Amino acid sequence: MHYTLEQISKRLGATLEGAGEKLISGVGALDSATEEQISFADDQRFLPRIEQGAVGAVIVGEEFPAVAGKNLLRVPQPRLSFIHAVEMFLLSPPLTGISSAATVDESAVLASDITIDAGVVISAGAVIGSGCTVQSGAYIGPNVILGKQCHIGVNVALLDDTVVGDRVTVHAGTVIGGDGFGFVWAEDHHHKVPQIGRVVIEGDVEVGCNSCIDRATLGVTRIRRGTKIDNLVHIGHNNDIGEDVIITGQVGFSGSVTVGNRTMFGGQSGVADHVTIGEDVMVGGATAVFSNVAAGESVFGFPARPTAKAKREMVAMGRLPDLLKQLRRQEREMSQLRSRIEDLEKRAGKV
Amino acid sequence: MHYTLEQISKRLGATLEGAGEKLISGVGALDSATEEQISFADDQRFLPRIEQGAVGAVIVGEEFPAVAGKNLLRVPQPRLSFIHAVEMFLLSPPLTGISSAATVDESAVLASDITIDAGVVISAGAVIGSGCTVQSGAYIGPNVILGKQCHIGVNVALLDDTVVGDRVTVHAGTVIGGDGFGFVWAEDHHHKVPQIGRVVIEGDVEVGCNSCIDRATLGVTRIRRGTKIDNLVHIGHNNDIGEDVIITGQVGFSGSVTVGNRTMFGGQSGVADHVTIGEDVMVGGATAVFSNVAAGESVFGFPARPTAKAKREMVAMGRLPDLLKQLRRQEREMSQLRSRIEDLEKRAGKV
Amino acid sequence: MHYTLEQISKRLGATLEGAGEKLISGVGALDSATEEQISFADDQRFLPRIEQGAVGAVIVGEEFPAVAGKNLLRVPQPRLSFIHAVEMFLLSPPLTGISSAATVDESAVLASDITIDAGVVISAGAVIGSGCTVQSGAYIGPNVILGKQCHIGVNVALLDDTVVGDRVTVHAGTVIGGDGFGFVWAEDHHHKVPQIGRVVIEGDVEVGCNSCIDRATLGVTRIRRGTKIDNLVHIGHNNDIGEDVIITGQVGFSGSVTVGNRTMFGGQSGVADHVTIGEDVMVGGATAVFSNVAAGESVFGFPARPTAKAKREMVAMGRLPDLLKQLRRQEREMSQLRSRIEDLEKRAGKV
């Protein structure tokens, strides 16, 4: 697949500085791109790499300096335009139908334009929408509903009654619809609370590898439209995760957590059960949230507190050993002052 | 499946207030239950939801107020009785035998009343007890022994020589019997310590999704009777986890950890190697345990320390920036007092 | 399989004290080893266990005391020699060829001396080197290259274009080559940054169970020679992990992290994106690394700081509540001194 720079420039709505007829055959990183590849730079500090590298053309911002002998495509948002350029070169693999090494229950309803790979199991009552790909070893449980153009990765398990919207990607090894974790201690042992709810994943959601989203005890665990979830994330029963939320690697949510739209979670952060987090919140990396967070706040640390406060406290903590010394010095100093006062008092008494 | 309220009331040993002949067809959450469903309330703050909702009957405590027009079943422990009510409506799926799409070694010994789903692999020398279900894509390794009425989820791996007791549930994607993590540095590289022990899971244990329990280096990694483990939990080699322990999501244990009965671990907590934790300990969420904890204690924080102490320190830490200011103020104050004393001393000298 | 003690002693280059003709049939832990088994002791505190146990022979250091009636093999490094002894008794399972229940694309290139178990899928263009074992349910994606003598565990996913060196072990459930986590917010939703790089795993690497190593956005995510990775570890896109690095359970690396040779990570530690960590660094358990760490350093805590400093601060923090009390007491004391000075000043004024 080749495009001329002019074709690419048009597609991106860019202003081209350079040779419109030049052929581009793919994309690459600024450091390693060849003369036939296009790359991008969203900061002037990458200028030397452009000058020294072989890269065939570079997508840059409107204020970026000209580079002698290099083809530039100027756009308002270089990173976003680069995404669009990459998409021009990405081949969607063709849909290949149902592998003879898949096991499909006869009561399942499958669109005709899909890919079902070897080793896939599709259970009774499942529905697979148009344009879906289900990769090797994935399991589609009883009564699972998959919308259109979903991508279900290798060895994924979508357990019974899970509902998945359109254009959802679930990466390899992830389990959706596992039992929520609930037990009641009585009569000298743990009684399992039956987990009879389900999981609903709305459209345009992406879930990384080896993550877990548990079904609700009763009702629904919901991941709303456009939310993106990374690897090894744990989402407990009855969570309600808002739209366009960003959840990075190894984040964990206990049960019945509510998260507002566009909130972002740094890696390895965690949220205790029944906590409500508002919209547009920033939760820092490795931060432990034990209580509600209002919309728009930024929180950080163990336990989570407003980021500015947490950082002040951390700086202060670094001075704590010195502070202890200072306090001891003051103690001594004060005792000296006390003796000097006593001395003065005695002498004053004499007067 | 339908039961009259009188049938349900009898089964639960409840005191019925309402229409005994009323038919109930299932269970639901208080907010969404229909007229044909039963729910529960273990706190009076749910009273308005009962009054406003359609719910057909509610399991409540003995002190709960009467609700006009609503059927109540009074019991000592509403949540526990609700579990029993849910169980009345849960259909165990029928056992379906061995799928033709499973691969079973001829030397494996299988009870006759079991379910082995498509894509399952059962290795040489494995033993599967009566009433077991092994779901799609699960792997039962060489010489693995499964007790009675176990449930092995989708894509679970029970690696060689693992022993599993009766009524054990292992949820999707979990790996039991992976190699312990042990290396010796010598001759300029890491030498792997062979991991030739195994894992023993006692009866009534439940393990969540995508968790890992490693085999012992030598001897046994043991999970004792009745312990419940959540998703994405890591249990290292040679751990000895007591009975009825609760281990929530993303908890991690290094090697050779010992945990007493009924101890509970909050989400994302962790335990360093060779640490011993007593019975009935509470380990808080995201808490890092680096040293032994005595029976009955509650610990919290990084590093783990007695919870009351940790909370006092966290409150104090919040005052640390102010404290630094106060200390500086005292410093200034003290210097002023010092000058005033010097001044007095001079004047006293003159006297 | 049996060896005489003399045979074992020769193989280990040990000095034998005892009966060279004695037959040993296996290895065991000091506490449970039988008369036919060999064990090891690298510390004199294990002496009573040797005296009281049945163990047939013990590998010990050169300074270890003699034990009446027990066979000892003296070596410079008992633990390392024990590893070699265990290896004498470990049978490599024979290679068994390609299972008829595997699915192998006709364009894949497979060495003749390999094991491909039931349920394995090998995709177009994949290459499997000599002596490799691919266990049940594993997935080898398009154009994946596996070197010689690799061991790919149950339900592992090696996604497209992944390159794996010689003698690499990947344990059950791990996913290598999942998409990196990258999105750009524009036009009111998250745009996925296409992840078109790949993963390269160099020789002698071991990866535990249910871990995730993401492909690069562009270019390569690289794990260098001899590095050992435990269970449930997350390694983000474009990481460059050095040689002989130790990464224990549940550690997480964000994107574009660089780690030097021989650096070690304690359990549940994490590293923020674009951070560079030098060679021979020790990162403590549950430690959160937000900024670069120089070679040879030891860091600990939240946030990571030099271990000695972090420990001093933690000790100081334990004294913080007392310190607050002390400060209040000083405040009162100072106010008393102030009045006494005022009093003196008044009297001095009178003079």
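The rules behind the values
Residues numbered from 1 in each chain as written. Chains lettered and ligands numbered in written order. Predicted model: local features only at pLDDT ≥ 70, side-chain atom pairs only at ≥ 80, totals over all residues. Heavy atoms only, no water. Helix = DSSP H or I, 4+ residues; strand = E, 2+ residues; numbered from the N terminus. Rg over C-alpha atoms; globule rule 2.2 N^0.38 Å. Buried < 20%, exposed > 50% of the residue type's maximum accessible area, 1.4 Å probe, protein only. Areas by Shrake-Rupley, 256 points an atom, 1.4 Å probe, with all protein chains shown as cover. Salt bridge = Lys/Arg side-chain N within 4 Å of Asp/Glu carboxyl O. Pairing = 2+ DSSP bridges. Contact = heavy atoms within 4.5 Å. Buried area = accessible area lost by both parts, 1.4 Å probe. Polar contact = N/O pair within 3.5 Å; in protein donor to acceptor, adjacent residues only side chain to side chain. Least-squares fit on C-alpha atoms with pLDDT ≥ 70 in both. Expected span 1.5 Å × (residues − 1). Core = buried A, V, L, I, M, F, W, Y, C linked by side-chain atoms within 4.5 Å. Axes fitted to C-alpha atoms, helices over the stretch in contact; angles between N-to-C directions. Parallel < 35°, antiparallel > 145°, perpendicular 65-115°, else oblique. Left-handed = near helix turned anticlockwise from the far one by under 90°. Phe/Tyr/Trp six-rings, centres within 6.5 Å; stacked < 30°, edge-to-face > 60°. Lys NZ or Arg CZ within 6 Å of the ring centre and 35° of its normal. Patch = residues over 30% accessible without salt bridge, like charges linked within 9 Å, V, L, I, M, F, W, Y side chains within 5 Å. pLDDT = per-residue confidence, 0-100.

Chemist: Whenever I open this one, the overall build of chain A confuses me. Can you help?
Modeler: On a plain count of helices and strands, chain A comes out with five helices and 40 strands. Relative to its length of 351 residues, chain A is extended, with a C-alpha radius of gyration of 29 Å against a globular reference of 20 Å. Based on the C-alpha atoms only, the size of chain A along its principal axes is roughly 110 × 80 × 30 Å. Split into buried and exposed, the 351 residues of chain A put 58% on the buried side. Working note: accessible area of chain A is about 14,000 Å², and carbon and sulfur atoms make up 49% of it.

Chemist: I'm lost on the pattern of salt bridges in this one. Help?
Modeler: Oppositely charged side chains can form a pair if their charged atoms are brought close together. Tallied over the entire structure, the rule returns 66 salt bridges over all chains. A salt bridge links B:Lys325 to B:Asp322; its shortest N-O distance comes to 3.9 Å. Residue B:Lys325 and its partner B:Asp322 are both found in helix H5 (residues 320–350); the two are separated by three residues, about one turn of the helix. The exposure class assigned to B:Asp322 is partly exposed, which follows from its relative accessible area of 48%. Note that C:Arg167 and C:Asp204 form a salt bridge whose closest N and O atoms lie 2.8 Å from each other. Here the residue C:Arg167 occupies a position in the loop between strand E19 (163–164) and strand E20 (169–170), and C:Asp204 occupies one in the loop between strand E24 (198–201) and strand E25 (206–207), the gap between them amounting to 37 residues. One connected set of salt bridges, linked through shared partners, spans A:Glu202, A:Arg222, A:Arg224 and A:Asp240.

Chemist: Can you walk me through the sheet that holds strand E27 (residues 220–223) of chain A in this structure?
Modeler: Hydrogen bonds between backbone atoms are what pair the strands of a sheet, whose relative direction is either parallel or antiparallel. Residues and elements named next belong to chain A. Read across the open sheet, the nine strands follow the order E10-E13-E16-E19-E24-E27-E30-E33-E36; overall the sheet is parallel. Only two strands of the sheet have a single neighbouring strand rather than two, namely strand E10 (109–110) and strand E36 (276–277). Pairing between strand E30 (residues 240–241) and strand E33 (residues 258–259): two bridges, direction parallel. Directly across from Ile241, in E33, lies its bridge partner Val259.

Chemist: What is the right way to read the interface of chain C and chain A from this model?
Modeler: With 66 residues of chain C in contact, the opposing surface of chain A contributes 64 residues. In total, chain C and chain A occlude about 4,900 Å² of area from one another, counting both sides; carbon and sulfur atoms represent 70% of this. Where chain C packs against chain A, one counts five salt bridges. Two residues, C:Glu333 and A:Arg338, come together in a salt bridge whose shortest N-O distance is 2.4 Å. The interface formed by chain C and chain A holds 20 residue pairs in polar contact (both at pLDDT 80 or more) in total. For the side of chain C that touches chain A, the secondary-structure elements that each account for two or more residues are strand E21 (175–178), strand E22 (183–186), strand E23 (189–192), strand E26 (212–214), helix H4 (307–318) and helix H5 (320–350) of chain C.

Chemist: Is there a simple way to think about the sheet that holds strand E28 (residues 228–229) of chain C in this case?
Modeler: Residue and element names in this part refer to chain C. Spatially, E8-E11-E14-E17-E20-E25-E28-E31-E34-E37-E39-E40 is the arrangement adopted by the 12 strands of the open sheet, whose pairing is mixed. Edge positions in the sheet fall to strand E8 (97–98) and strand E40 (305–306), since each has one partner strand and no second. Pairing analysis gives two bridges linking strand E31 (residues 246–247) to strand E34 (residues 264–265), with the strands arranged parallel. Residue pairing across strands places Ile246 opposite Met264, the latter belonging to E34.

Chemist: Sorry, what's going on with the relation of the copies chain A and chain B here?
Modeler: The operation linking the two copies of the chain is a rotation about an axis combined with a translation along the axis. Of the transformation placing chain A onto chain B, the axial shift is 0.0 Å and the rotation is 120°, giving an RMSD of 0.1 Å. The transformation just described matches what one would write down for a three-fold rotation axis.

Chemist: What should I look at first to understand helix H3 (residues 78–89) of chain B in this one?
Modeler: All names here are of chain B. Here H3 is 12 residues long and its end C-alpha atoms lie 17 Å apart, about the 16 Å a rise of 1.5 Å per residue gives. A large share of H3 lies buried, amounting to nine of its 12 residues. Of the positions making up H3, those classed as buried are Pro78, Leu80, Ser81, Phe82, Ile83, Ala85, Val86, Met88 and Phe89.

Chemist: When you look at the pairing of E22(C) in this model, what are you seeing that I'm missing?
Modeler: The side chains of a regular strand alternate between both faces of the sheet. All names here are of chain C. Of the pairings in the sheet, the one linking E22 to E23 comprises four bridges and is antiparallel in character. Note that in E23 the partner of Trp185 across the bridge is His190. What sits between E22 and E23 in their antiparallel hairpin is a turn of two residues, with Glu187 showing a positive phi close to 50°.

Chemist: Honestly, the interface of chain A and chain B in this entry has me stumped. Any pointers?
Modeler: Many structure descriptions define interface size as the accessible area lost when the parts assemble. On the side of chain B, 64 residues touch chain A, which itself brings 66 residues to the contact. Contact with chain B buries area across many residues of chain A, yet A:Phe181, A:His190 and A:Phe302 alone supply 13% of it, more than any other trio. For the interface between chain A and chain B, the tally reads five salt bridges. The partner of B:Glu331 in a salt bridge is A:Arg329, with the nearest N and O atoms 3.8 Å apart. Scanning the region where chain A abuts chain B turns up 20 residue pairs in polar contact (both at pLDDT 80 or more). Every element with two or more residues in the side of chain A that touches chain B is listed here: strand E21 (175–178), strand E22 (183–186), strand E23 (189–192), strand E26 (212–214), helix H4 (307–318) and helix H5 (320–350) of chain A.

Chemist: Quick question: what am I supposed to make of the nonpolar core here?
Modeler: Nonpolar side chains in soluble globular proteins tend to be buried together. Core analysis: the largest hydrophobic core is formed by 48 residues, its most contacted members being B:Ile140, B:Leu146, B:Ile152, B:Ile247, B:Phe253 and B:Phe265. In this view, B:Phe265 contacts B:Val245, B:Ile246, B:Ile247, B:Thr248, B:Val251, B:Phe253, B:Val259, B:Val271, B:Ile277 and B:Val283; residues no more than four positions away in its chain are not counted.

Chemist: Is there a simple way to think about the packing of helix H1 (residues 5–12) of chain A against helix H3 (residues 78–89) of chain A in this case?
Modeler: Working note: a packed helix pair is described by the angle between its axes plus the distance between those axes. Residue and element names in this part refer to chain A. One way to put it is that H1 packs onto H3 with a least axis distance of 10 Å and a crossing angle of 125°. As judged from the angle between their axes, H1 and H3 are oblique. Relative to H3, the crossing made by H1 is right-handed. Mapping the contact onto sequence places Ile8, Arg11 and Leu12 in H1 and Ser81, His84, Ala85, Met88 and Phe89 in H3.

Chemist: Quick question: what am I supposed to make of the environment of C:Gln326 here?
Modeler: Relative to the helices and strands, C:Gln326 resides in helix H5. When neighbours within four sequence positions are excluded, C:Gln326 is seen to be in contact with A:Leu327 and A:Glu331.

Chemist: Looking at this model, I keep getting lost on the packing of aromatic side chains. Mind explaining?
Modeler: Aromatic rings in a pair are described by how distant their centres are and how their planes are angled relative to each other. Following the criterion strictly, the structure yields 21 aromatic pairs over all chains and no others. Considering the side-chain rings of A:Phe290 and B:Phe300, the 5.4 Å spacing of their centres and the 65° angle between planes classify their relative orientation as edge-to-face. Of the two residues, A:Phe290 sits in the loop between strand E38 (288–289) and strand E39 (298–300) while B:Phe300 sits in strand E39 (residues 298–300), which places them in two different chains. Here A:Phe290 falls in the partly exposed class, since its relative accessible area comes to 33%. A relative accessible area of 8% places B:Phe300 in the buried class. Among the aromatic residues, those joined into a cluster by ring pairs are A:Phe290, A:Phe302 and B:Phe300. We note A:Lys311 situated over the ring of A:Phe300; from NZ or CZ to the ring centre the distance is 5.4 Å.

Chemist: Explain a nonpolar patch on the surface to me, please; I cannot follow it from the model alone.
Modeler: A surface patch of nonpolar side chains, amounting to about 210 Å² of accessible area, comprises A:Val109, A:Val127 and A:Ile145. Mapped onto the fold, A:Val109 is located in strand E10.

Chemist: Looking at this model, I keep getting lost on unusual backbone geometry. Mind explaining?
Modeler: Glycine aside, the phi torsion of most residues is negative, and most peptide linkages are trans. A cis amide bond, omega -10°, links B:Phe302 with the succeeding residue B:Pro303. Within the secondary structure, B:Pro303 is located in the loop between E39 and strand E40 (305–306). Of note, the phi angle at A:Asn155 is positive, near 60°, even though the residue is not glycine. Position of A:Asn155 among the secondary structure elements: in the loop between strand E17 (151–152) and strand E18 (157–158). Even without being a glycine, A:Asp204 presents a positive backbone phi close to 65°.

Chemist: It is not clear to me how the environment of A:Val163 should be interpreted in this structure. Could you clarify?
Modeler: Residues and elements named next belong to chain A. Relative to the elements of secondary structure, Val163 occurs in strand E19 (residues 163–164). Along the chain, Val163 and Val199 lie 36 residues apart, while their C-alpha atoms are 6.4 Å from each other. If sequence neighbours within four positions are ignored, Val163 has contacts with Ile145, Arg198, Val199, Val200 and Ile201.

Chemist: Honestly, the side chain of C:Gln135 in this entry has me stumped. Any pointers?
Modeler: By the element assignment, C:Gln135 lies in the loop between strand E14 (133–134) and strand E15 (139–140). Since its relative accessible area comes to 17%, C:Gln135 is described here as buried. Excluding its chain neighbours within four sequence positions, the residues that come into contact with C:Gln135 are B:Tyr139, C:Asp117, C:Val120, C:His151, C:Ile152, C:Gly153 and C:Val154.

Chemist: Mind showing me how you'd approach the confidence of the model for chain A here?
Modeler: Fine structural detail should not be taken from predicted coordinates in areas where pLDDT scores are low. The predicted model of chain A has a mean per-residue pLDDT of 95, with 99% of residues at 70 or higher. For this predicted complex, the interface confidence score (ipTM) comes to 0.93, while the overall pTM stands at 0.94.

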